[in-house]
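Topology and contacts: notes
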Amino acid sequence: MSAQRPALEGYLTEVDGVPHLLGSRCTACGTVYFPRLDSFCRHPDCDSDSFEDAPLSRRGRLWSYTNAAYQPPPPYVPVSDPYEPFAIAAVELDAERMVVLGQCATGVDVADLQVGMEMELVVEPLFSDEEGDALTWKWRPTASPLPQGEGGTVGAADGGERVA
Ligand SMILES: [Zn+2]
């Protein structure tokens, strides 16, 4: 079994075993920052330099999305050869009302996305190397096109013939 590590130190945390993005909250004015901010508050009416950890909402609404049709430059590590495009989502977090970019989860394509739909955070490998998996956050629709049990019956409820 390969080891797992965060691809970026300090961006993710766990609360009760569930992954969350880790931001920081100004202890004076309450403004939340992601990525974390530790120097001084950027709020124009605040001169605080005191912050506390702030695990962020795991859900939000899809604000925008796009398709990374071309391989990003380094430090991006290609996970396939040849390169396979992937979807990128900008999600407005429920509580913080801040927009956080991220790759979409494996199997989620732009065709599965629609502005305004509810998204949730998942953690997946960004890439794997000899040290194991480097983990990052990704977004997927809560009503995910990913496997969700039996392929229920849709429609055709009373599909009777109706002759006008
Ligand atoms: Zn502040």
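To keep things clear, this report deals only with the structure shown in the data block. (Residues numbered from 1 in each chain as written. Predicted model: local features only at pLDDT ≥ 70, side-chain atom pairs only at ≥ 80, totals over all residues. Heavy atoms only, no water.)

Here we look at the overall build of the chain
Assigned secondary structure in the chain consists of 0 helices and 10 strands. Walking the chain from its N terminus toward its C terminus, one meets helices and strands in the order β-β-β-β-β-β-β-β-β-β. Residues classed as buried in the chain amount to 33% of the 164 residues present. In the chain, once contacts between residues fewer than 6 apart in sequence are set aside, the share between residues at least 24 apart is 54%. (Helix = DSSP H or I, 4+ residues; strand = E, 2+ residues; numbered from the N terminus. Buried < 20%, exposed > 50% of the residue type's maximum accessible area, 1.4 Å probe, protein only. Contact = heavy atoms within 4.5 Å.)

Section: the packing of aromatic side chains
One pass over the full model with this rule turns up 7 aromatic pairs. Ring plane angle 85° and centroid distance 5.7 Å describe the contact between Y11 and F34, whose orientation is recorded as edge-to-face. With a gap of 23 residues between them, Y11 in the loop between strand 1 (4-6) and strand 2 (12-15) and F34 in the loop between strand 4 (32-33) and strand 5 (51-55) connect regions that are remote in the sequence. When its relative accessible area of 23% is taken as the criterion, Y11 is described as partly exposed. Under the relative-accessibility criterion, F34 is labelled buried at 17%. Connected via pairs of aromatic rings, a cluster forms that spans Y11, F34 and W137. (Phe/Tyr/Trp six-rings, centres within 6.5 Å; stacked < 30°, edge-to-face > 60°.)

Observations regarding the coordination of the zinc ion
Surrounding the zinc ion are the protein donor atoms C26 (SG), C29 (SG), C41 (SG) and C46 (SG), which sit 2.3 to 2.4 Å from the metal. Given 4 donor atoms and angles of 104 to 113° at the metal, the environment of the zinc ion is assigned as tetrahedral. (Donors = N, O, S within 2.8 Å, 3.2 Å for Na, K, Ca; no water. Tetrahedral: all angles 85-135°; square planar, octahedral: opposite > 155°, others 65-115°.)

Re the side chain of S57
Topologically, S57 is positioned in the loop between strand 5 and strand 6 (59-68). Since its relative accessible area comes to 14%, S57 is described here as buried. A polar contact is formed between the side chain of S57 and the backbone nitrogen of A95, at a distance of 3.2 Å. Here E96 takes part through its side chain, which lies 2.7 Å from a polar atom of the side chain of S57. Sequence-distant contacts of S57, defined by excluding residues within four places in its chain, comprise L93, D94, A95 and E96. (Polar contact = N/O pair within 3.5 Å; in protein donor to acceptor, adjacent residues only side chain to side chain.)

Some thoughts on the pattern of salt bridges
By the definition in use, this model includes 9 salt bridges. As a salt-bridge pair, R140 and E120 come within 3.1 Å of each other at their nearest N and O atoms. Of this pair, R140 sits in strand 10 (residues 132-141) while E120 sits in strand 9 (residues 118-129), and the two are 20 residues apart along the sequence. Through salt bridges that share partners, R59, E118, E120 and R140 make up one connected network. (Salt bridge = Lys/Arg side-chain N within 4 Å of Asp/Glu carboxyl O.)

Concerning the environment of V122
Checked against the element boundaries, V122 lands in strand 9. A C-alpha to C-alpha distance of 8.4 Å links V122 and T136, two positions 14 residues apart in sequence. Those residues within four positions of V122 in sequence are excluded, and the remaining contacts are A105, T136, W137, K138 and R140.

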